[in-house]
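Architecture at a glance
Listed below, chain by chain, are the residues.
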Amino acid sequence: GDARDEGATIRNNTFYWSAAAATPTLQLAGAGTGLTVVSNLAYFADGSAGARFLDTSSDSQLAAVANNLTYGAAWSRAHPTLADAQAAGLDLGGIAEEPRLAVEPSAANGWDVTLTAASPAIDRGHPTLSAATDRTCASRAVPDIGASDR
């Protein structure tokens, strides 16, 4: 089998589903411990009753979870809403709002995940654990949530 991902960091990704999905965004059950999950944007455009942002064996796998934006899906199996996760001390600084992408990502536009000026993800990334650059290699002065920085 594969080696466990001890101490891995998952940050500043944008996950987008245009059709209802019943798959967790981040499947981390059994992946290891000391995991950091920050400043990710998970957008289920059509929503789904079975979809969730995060799937872990237990919260003890996580070293840090903060400043993620989840929209259109449950937060996790153990914590159905962001408020439930935050009550357990997880995803402080997290957002459960429509991310307001500039266009619907598609193959035709190169899977563009640019945020509009009105996006709640702007300047809401984790201040120290976010990636230093975005997907275009532009520096992040004040990090946004997701792969692109506005």
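Along each chain, residues carry numbers from 1 onward, in the same order as the chain's sequence is written. pLDDT decides what is reported in this predicted model: residues at 70 or higher carry local features, side-chain atom pairs at 80 or more are listed and counted, and totals for whole chains, interfaces and linings draw on all residues regardless. Excluding hydrogens and water, the side-chain values take into account all heavy atoms of the structure.

Another aspect to go through is unusual backbone geometry. Residues other than glycine seldom take positive phi values, yet Asp91 does so here, at roughly 55°. Tracing the backbone shows Asp91 in the segment after helix 1 (82–87). Residue exposure (1.4 Å probe, protein chains only): buried if accessible area is under 20% of the type maximum, exposed if over 50%, otherwise partly exposed. With relative accessibility at 0%, the residue Asp91 sits in the buried group. Positive phi outside glycine occurs at Cys137, with the angle close to 75°. Put simply, DSSP marks the helices as runs of H or I at least four residues long and the strands as runs of E at least two long, and each gets a number from the N terminus on. By the secondary structure assignment, Cys137 is in the segment after helix 1.

Here we take up the sheet that holds strand 3 (residues 26–27). Strand order in this open sheet of three strands is 3-6-9, and the pairing throughout is parallel. The sheet is open, and its two borders are formed by strand 3 and strand 9 (74–76), each paired with just one other strand. With two bridges connecting them, strand 3 and strand 6 (residues 52–55) associate as parallel partners. Its bridge partner being in strand 6, Leu26 is matched across the sheet by Leu54. Strand pairing is assigned whenever DSSP identifies at least 2 bridges connecting the two strands.

The pairing of strand 6 with strand 9 spans two bridges and is classified as parallel. Along strand 9, the bridge assignment pairs Leu54 with Ser76.

Strand pairing in a sheet relies on backbone hydrogen bonds, with the paired strands running either antiparallel or parallel. With parallel pairing, the three strands of this open sheet are ordered in space as 2-5-8. Among the strands making up the open sheet, the edge pair consists of strand 2 (14–17) and strand 8 (69–71). For this sheet the average axis-to-axis angle between neighbouring strands, irrespective of direction, equals 5°. Of the strand pairs in this sheet, strand 5 (residues 41–44) and strand 8 are connected by three bridges, and their pairing is parallel. Among the inter-strand pairings, Tyr43 is bridged to a residue of strand 8, identified as Tyr71. Axis geometry follows a simple rule: fit a line to the C-alpha atoms, using only the stretch in contact for helices, then measure angles between N-to-C directions, giving values from 0 to 180 degrees.

Whenever Lys or Arg places a side-chain nitrogen within 4 Å of a carboxyl oxygen from Asp or Glu, that contact is recorded as a salt bridge. What the rule picks out here adds up to three salt bridges. Residue Arg77 is joined to Asp55 by a salt bridge in which the shortest nitrogen-to-oxygen separation is 3.3 Å. Within this pair, whereas Arg77 is found in the loop between strand 9 and helix 1, its partner Asp55 is found in strand 6, the two being separated by 22 residues in sequence. Taking relative accessible area as the criterion, Asp55 reaches 7% and is therefore assigned buried. Among the ionic pairs, Arg140 bridges to Asp149, the shortest N-O distance being 3.0 Å. For the pair formed by Arg140 and Asp149, the shared burial category is buried.

Our focus in this paragraph is the packing of aromatic side chains. Stacked, tilted and edge-to-face pairs are distinguished by plane angle, under 30 degrees for stacked and over 60 for edge-to-face with tilted covering the rest, among Phe, Tyr and Trp rings (Trp via its six-membered ring) whose centres lie within 6.5 Å. Counted according to the given criterion, the structure contains five aromatic pairs. With a centroid separation of 4.6 Å and an interplanar angle of 10°, the aromatic rings of Trp17 and Phe44 are classed as stacked. With a gap of 27 residues between them, Trp17 in strand 2 and Phe44 in strand 5 connect regions that are remote in the sequence. With a relative accessible area of 25%, Trp17 lands in the partly exposed category. Classification of Phe44 by relative accessible area gives buried; the value is 1%. Here a set of aromatic residues connected by ring pairs shows up, and it is made of Phe15, Trp17 and Phe44.

With that settled, consider the environment of Val65. Position of Val65 relative to the elements: it lies in strand 7 (residues 62–66). Separated by 20 residues in sequence, Val65 and Ala85 have C-alpha atoms that sit 9.7 Å apart. Here a residue-residue contact requires only that any non-hydrogen atoms of the pair lie within 4.5 Å. Other than its neighbours up to four places away in sequence, Val65 contacts Val37, Trp75, Leu90, Asp91 and Leu92.

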